[in-house]
Amino acid sequence: MEIIKFKTNVENEEALSKVAPFLDKEESISRWHIDTESQDKLLSVSGNDLDPQQIENVVKQAGFMAEIIRAIGIGGDGL
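For the structure given in this document, a descriptive report is provided here.

The rules behind each value
Residues numbered from 1 in each chain as written. Predicted model: local features only at pLDDT ≥ 70, side-chain atom pairs only at ≥ 80, totals over all residues. Heavy atoms only, no water. Helix = DSSP H or I, 4+ residues; strand = E, 2+ residues; numbered from the N terminus. Buried < 20%, exposed > 50% of the residue type's maximum accessible area, 1.4 Å probe, protein only. Contact = heavy atoms within 4.5 Å. Areas by Shrake-Rupley, 256 points an atom, 1.4 Å probe, with all protein chains shown as cover. Pairing = 2+ DSSP bridges. Salt bridge = Lys/Arg side-chain N within 4 Å of Asp/Glu carboxyl O.

A closer look at the overall build of the protein chain
Stage number 1. A count of helical and extended segments in the protein chain gives two helices and four strands.
Stage number 2. Taken from N to C terminus, the helices and strands of the protein chain fall in the order β-α-β-β-α-β.
Stage number 3. Counting the 79 residues in the protein chain, one finds 41% classified as buried.
Stage number 4. Here the contacts in the protein chain between residues at least 6 apart in sequence split such that 69% fall between residues at least 24 apart.
Stage number 5. Of the accessible surface of the protein chain, which amounts to about 4700 Å², a share of 44% is contributed by carbon and sulfur atoms.

Quick notes on the pairing of strand β3 (residues 42-47)
For a regular strand, side-chain orientation follows a simple rule: the groups alternate between the two sheet faces.
Stage number 1. Of all six residues making up β3, six are buried, and the element is well covered by its neighbours.
Stage number 2. Burial along β3 is two-sided: Leu42, Ser44 and Ser46 and Leu43, Val45 and Gly47, pointing in opposite directions, are all buried.
Stage number 3. Of the pairings in the sheet, the one linking strand β1 (residues 2-8) to β3 comprises five bridges and is antiparallel in character. Each bridged residue has a counterpart across the sheet, and for Glu2 the counterpart in β3 is Gly47.
Stage number 4. With six bridges joining them, strand β2 (residues 29-35) and β3 adopt antiparallel strand pairing. Paired with Ile29 across the bridge in β3 is Gly47.

Brief notes about the pattern of salt bridges
Stage number 1. Counting across every chain of the model gives one salt bridge.
Stage number 2. Between Lys18 and Glu14 there is a salt bridge, with its nearest N and O atoms 3.5 Å apart. Of this pair, Lys18 and Glu14 both sit in helix α1 (residues 13-24), separated by four residues, roughly a single helical turn.

Below, the structure is given as structure tokens:
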């Protein structure tokens, strides 16, 4: 299981509800969470064979930006 973290501009619940369907349908993602309270609006994604560029593209399709800031590699289910 890989965990990748992205800086985003998903700032509130309304924006979160717009990006959620795009992240939910991405097959490589097992779990995801956006911390809208953090300064970087941190998106944490876990899954197998994650492609950071694909995740950035998915978020962009929803009308937002995502910039990779950290890849954690193999880990547990926690985000």
